[in-house]
Amino acid sequence: MLPGFGLTLGFSVAWLTIIILLPLSAVFLRTLGMGWDQFVATALSERALAAYRLSFGAALAAGVINLFAGLLVAWVLVRTDFPGKRLVSALVDLPFALPTAVAGIALTALYAPNGPVGALLEPVGIELAFNPAGVVIALIFVGLPFVVRTVEPVLADLGSDIEEAAESLGATKLQTFRRVVLPAVTPALLTGFALAFARGVGEYGSVIFIAGNMPFVSEIAPLLIVTQLEEYDYAGATAIATVMLCISFALLLVINLLQALARRRGG
Amino acid sequence: MNRRVLLAGLAAVALTGPAQAARPVELLNVSYDPTREMYRDYDALFAREWKARTGQTVRVRQSHGGSGKQARAVIDGLEADVVTLGLAYDIDEIAARAKLLPADWQTRLPNNSTPYYSTIVFLVRKGNPKRIRDWGDLIRSDVKVITPNPKTSGGARWNYLAAWGWARQTLGSDDKARDFVTKLYRNVPILDSGARGATTTFVQRRQGDVLITWENEGFLAQKAFGRGQFEVVAPSISIRAEPPVAVVDAVAKKKGTTKVAEAYLRGLYSPAAQALVARHGYRPVSAQALARSPVRFPAIRMLTIADFGGWSKAQAVHFANGGEFDRIFSAAKR
């Protein structure tokens, strides 16, 4: 056993309890204050279900898009060299640092029917703001750095020599990618996906500007929570939060399992 | 009336002034969004007058945000000496939930503790291309309406009630009013969470043909975003939107600021302050200030919240979970 194992484990458990479990149990306790019927009426109403579908669906869609785009960006950043690469690399982190409301306002200005991008798409009949597509766009924006930054170090570690070895053994580019690179980065990709997804589910600030916020159509679950708070209905707000937490936890657990599986295969 | 208020204020000052004169004092005014510019001016005016009367320096700090959010902050412990919020319901909640002031707070100052008021009007694009004249035009199929979500925005609750009130008066029954309001919200393509957000959507994103908004916000939008790009249209019937003010007794008592906080709010009824609120597009309660105002306020027939049975009833019937507003959207979905 490692020296100081008991101490560090004790500290970790205590820390996680204070920082994560305590606030979460406060959420559950608040919810317990309301009866089952009331819980169902608030947290499982038709409108709430529509909001969960949108929040989780959009986060999933944005996560999948980021999975591919993020891998590509990471690969370019690791394997190629070009002038201004550091600048591009810094750019990737920007969505981390930018206040989400600023991101939301900027994206809305861009994609609204009178914005520079929205105006181009409007004649073709494509609308990307004030509907669920807007939610996905906002979540792609905030989620991208999670995938890039988790995959990047793994790709760098892998080194180009392995790819060269595969090639010299007669593998095509596609085979190299599928058989050599992909298995090695899959666990990291899944981590990045999980992070981007989790962030997307809870995202409020940037989405609220571009979503349109119509009940049953483009209303995200976090907005529903804010709506409950506005009515001084703290229990109702925590009820919705409880449902979101349970779904999130279940999905993250599944992703973790997939990751373990991928690691065993790839490892 | 106004003179008596002012004299009472001065008397209160005269009694306590000298004892506190030495130490500077600080007030926190927790207010809602569109009053930002107005209170910046009033705070300076009040500080000057208070200094002249008592020799004491007073500094007023401001906090602005959505009315409901601000009320929750006070309930959760934000130490506001005075609250100046968008609707009485939010101050009622502070009284009911945190017991920081008595339930009858609204009787303590003249005009339901409302030194200024506003009403709900339409803001349309230059030249009024869709010819929007009154509420009836808002349910036409070629009209897109921008108004925020009344569940998250205090201002939007006034919009909703004004629409309901017009329909009930004009069409004759609550059933017809419900039908009208349902049709109106079917014409709303974007439901912002706050009043400022809706103004941005209409003015800067150029969404919709008409914005339902506070009169003062309409004036501000006209002034701030491109002169002559927008026009204010006054509907035939609207609602008297009263944003009331109150001293938060428990906090003021603890901080020892009761007297200055009371003088601060009473001062809002003084001629100078009444002229100031009119310059900022709020309707002053003093008839003199209204007559002399540089801003022209159109004559509109106004309902009041009493026509809806007061805030707690209006809240329960229209905006609570499963209330009229929720049903409008459930119906719209089917």
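Residues numbered from 1 in each chain as written. Chains lettered and ligands numbered in written order. Predicted model: local features only at pLDDT ≥ 70, side-chain atom pairs only at ≥ 80, totals over all residues. Heavy atoms only, no water.

Draft legend 1. Summary view of the pairing of strand β1 (residues 25-31) of chain B. Residue and element names in this part refer to chain B. Of all seven residues in β1, six are buried, a share of seventy percent or more. The pairing of β1 with strand β2 (residues 58-63) spans six bridges and is parallel. Across the sheet, residue E26 finds its bridge partner in β2, namely R59. Judged from the three bridges that link them, β1 and strand β3 (residues 82-84) form a sheet pairing that is parallel. If you follow S31 over to β3, its bridge partner there is T84. (Buried < 20%, exposed > 50% of the residue type's maximum accessible area, 1.4 Å probe, protein only. Helix = DSSP H or I, 4+ residues; strand = E, 2+ residues; numbered from the N terminus. Pairing = 2+ DSSP bridges.)

Draft legend 2. Layout of the packing of aromatic side chains. As enumerated under the stated definition, the model contains 25 aromatic pairs over all chains in all. With a centroid separation of 5.9 Å and 10° between ring planes, the pair formed by A:F11 and A:W15 is classed as stacked. One end of the pair is A:F11 and the other is A:W15, both in helix α1 (residues 5-32) and four residues apart, which spans about a single turn. Ring geometry for B:Y42 against B:Y264: centres 5.2 Å apart, planes inclined by 55°, an arrangement best described as tilted. Taken together, the residues span a long stretch of sequence, with B:Y42 in helix α2 (residues 36-54) and B:Y264 in helix α11 (residues 258-266) at a distance of 222 residues. Of the two residues, B:Y42 and B:Y264, both sit in the buried class. Members of the aromatic cluster, each reached through a chain of ring pairs, are B:Y39, B:Y42, B:F46, B:W50, B:Y116, B:Y264 and B:Y282. (Phe/Tyr/Trp six-rings, centres within 6.5 Å; stacked < 30°, edge-to-face > 60°.)

Draft legend 3. Focus on the interface of chain A and chain B. On the side of chain B, 33 residues touch chain A, which itself brings 23 residues to the contact. A buried area of about 2,400 Å², summed over both sides, lies between chain A and chain B, and 50% of it is on carbon and sulfur atoms. It is A:E230, A:E231 and A:Y232 in chain A that bury the most area against chain B; as a group they hold 31% of the surface buried on that side. Between chain A and chain B we count one salt bridge in total. Linking A:R47 and B:D326 is a salt bridge whose minimum nitrogen-to-oxygen distance equals 2.9 Å. The interface formed by chain A and chain B contains eight residue pairs in polar contact (both at pLDDT 80 or more). Listing elements by their share of the side of chain A that touches chain B, those giving two or more residues are α3 (46-79), α5 (100-111) and α11 (221-230) of chain A. At five residues, the largest contribution of residues to the side of chain A that touches chain B is made by α11(A). (Contact = heavy atoms within 4.5 Å. Buried area = accessible area lost by both parts, 1.4 Å probe. Salt bridge = Lys/Arg side-chain N within 4 Å of Asp/Glu carboxyl O. Polar contact = N/O pair within 3.5 Å; in protein donor to acceptor, adjacent residues only side chain to side chain.)

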